[in-house]
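Chain and residue survey
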Amino acid sequence: QAISCKGQHSISYTLSRNQTVVVEYTHDKDTDMFQVGRSTESPIDFVVTDTISGSQNNDETQITQSTISRFACRIVCDRSPPYTARIFAAGFDSSKNIFLGEKAAKWKNPDGHMDGLTTNGVLVMHPKGGFTEESKPGVWREISVCGDVYTLRETRSAQQRGKLVENETNVLQDGSLIDLCGATLLWRTADGLFHTPTQKHIEALRQEINAARPQCPVGLNTLAFPSINRKDVVEEKQPWAYLSCGHVHGYHNWGHRSDTEANERECPMCRTIGPYVPLWLGCEAGFYVDAGPPTHAFTPCGHVCSEKSAKYWSQIPLPHGTHAFHAACPFCATQLAGEHNCVKLIFQGPVD
């Protein structure tokens with residue numbers, strides 16, 4: 001009856017072909033529920049598709065192969081201050097049900113209530129120190145259907161659950177990362193965003209760096225970061241950088257070290273060999289941990305942001321596939337490489 005009732009939320013735990021435990025949920029006037037997943041059905045409030053590395057979201061990408069669950073997770077927010085938000089694995093479908101099949105990891109807790117994990121899991125990482133200049137990466141955990149916190153399984157979809165972490169909760173903090181196996185979400189609070197640089201501030205930083213008239217040390221032509229809305233087309237004045245040393249130049253076509261490695265170039269300033277790429281100002285203000293000037297570039301994509309923001313993201317291990325972790329550029333999701341994942345840029349001022 002609970003499953004067929006359209007006004008009733010319920011979770012079904014299938015233990016075997018002839019035994020299912022159904023847990024009924026009641027309405028709560030003190031909270032709001034928001035659901036995240038790749039389904040475009042009405043119960044999903046935030047439709048999330050796979051993050052394609054290098055931001056090449058072209059139509060040819062087969063989103064049908066997605067590992068993001070159609071009803072990936074739900075977030076329950078208190079209606080009264082401090083508006084605490086809690087995350088739970090799995091979302092209710094269009095008939096207000098959650099079904100955990102025979103193969104899903106599930107169990108009965110000592111207090112008698114049922115709980116389980118979704119196929120690929122919902123992982124959460126709370127950074128140490130919130131989302132500030134002083135933040136450090138936290139530890140990735142898995143969140144259960146009832147919101148308990150567990151250590152990670154051996155692989156993403158293993159049958160055996162991790163260990164219960166009793167002193168941690170499913171309450172989201174400013175800067176918490178939510179991984180849905182195919183996309184990672186950054187949770188920002190209203191208070192956190194209030195202290196974050198704005199688009200206007202990033203635009204002012206861009207104009208300030210351009211006003212200093214940085215020059216190509218070889219061609220002596222003036223360089224300029226293109227405006228934020230021109231972020232896909234490489235312009236004539238665009239700054240380029242050698243990512244092994246950080247020397248900033250204008251575009252030139254010499255210095256190739258080999259025919260096989262197309263992007264192994266020798267810097268004319270210091271003879272260091274490495275990738276040579278156009279620089280782009282990272283324009284999503286929510287990723288910045290401070291309001292510092294754009295002095296560092298991620299390698300190998302060339303996105304530029306403040307030193308503390310670059311160093312923060314270059315330390316964050318993001319889940320990749322079923323059991324790997326690697327740092328990625330927050331602006332384009334490209335896997336980071338190089339000695340420190342980012343490089344300090346060396347601009348040459350005008351000779352006059």
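The structure contained in this document is the topic of the report that follows. (Residues numbered from 1 in each chain as written. Predicted model: local features only at pLDDT ≥ 70, side-chain atom pairs only at ≥ 80, totals over all residues. Heavy atoms only, no water.)

What follows deals with the side chain of serine 176. By secondary structure assignment, the location of serine 176 is in strand E13 (residues 176–179). Looking at serine 176, the relative accessible area reads 0%, which means it is buried. Engagement of the side chain of serine 176 in a polar contact is seen with the side chain of histidine 126, the distance being 2.7 Å. Apart from residues no more than four positions distant in its own chain, serine 176 is found in contact with Met125, His126, Pro127, Leu185, Leu186 and Trp187. (Helix = DSSP H or I, 4+ residues; strand = E, 2+ residues; numbered from the N terminus. Buried < 20%, exposed > 50% of the residue type's maximum accessible area, 1.4 Å probe, protein only. Polar contact = N/O pair within 3.5 Å; in protein donor to acceptor, adjacent residues only side chain to side chain. Contact = heavy atoms within 4.5 Å.)

Sheet architecture is open: three strands sit in the order E2-E1-E7, paired in mixed fashion. Both outer strands of the open sheet, strand E2 (19–25) and strand E7 (97–100), are each paired with one neighbouring strand and no more. Looking at each pair of strands side by side, their axes are set apart by 15° on average, direction ignored. Inspection of the sheet shows strand E1 (residues 9–16) paired to E2 by seven bridges, in the antiparallel sense. (Pairing = 2+ DSSP bridges. Axes fitted to C-alpha atoms, helices over the stretch in contact; angles between N-to-C directions.)

Scanning the entire structure with this criterion turns up 12 salt bridges. Note that aspartate 30 is salt-bridged to lysine 29, the shortest N-O span being 4.0 Å. The class of lysine 29 is exposed, set by a relative accessible area of 67%. The shortest N-O distance in the salt bridge between glutamate 41 and arginine 70 comes to 3.5 Å. With a gap of 29 residues between them, glutamate 41 in the loop between strand E3 (31–37) and strand E4 (46–47) and arginine 70 in the loop between E4 and strand E5 (73–78) connect regions that are remote in the sequence. The exposure class of glutamate 41 is partly exposed, given its relative accessible area of 29%. (Salt bridge = Lys/Arg side-chain N within 4 Å of Asp/Glu carboxyl O.)

A separate point is the sheet that holds strand E19 (residues 276–278). In spatial order, the strands read E16-E15-E19; together these three strands make up an open sheet with antiparallel pairing. Each end of this open sheet is capped by a strand with a single partner; those strands are strand E16 (248–249) and E19. By the bridge criterion, two bridges tie strand E15 (residues 240–242) to E16 in an arrangement that is antiparallel. Across the sheet, residue tryptophan 240 finds its bridge partner in E16, namely histidine 249.

The description of an aromatic ring pair uses the distance of the two centres, along with the angle that the planes make with each other. Throughout the structure, instances matching the rule amount to 13 aromatic pairs. Look at phenylalanine 287 and tryptophan 313: their rings are 5.8 Å apart centre to centre, the planes differ by 80°, and that puts the pair in the edge-to-face class. Residue phenylalanine 287 is found in the loop between strand E20 (280–281) and strand E21 (294–298), and its partner tryptophan 313 is found in helix H3 (residues 307–315); the two are separated by 26 residues along the sequence. One exposure class covers both phenylalanine 287 and tryptophan 313, and it is buried. What links up through ring pairs into an aromatic cluster is the set Phe131, Phe287, Tyr288, Phe298, Tyr312, Trp313 and Phe331. The positively charged end of arginine 161 is found above the aromatic ring belonging to tryptophan 107, 4.3 Å away from the centroid. (Phe/Tyr/Trp six-rings, centres within 6.5 Å; stacked < 30°, edge-to-face > 60°. Lys NZ or Arg CZ within 6 Å of the ring centre and 35° of its normal.)

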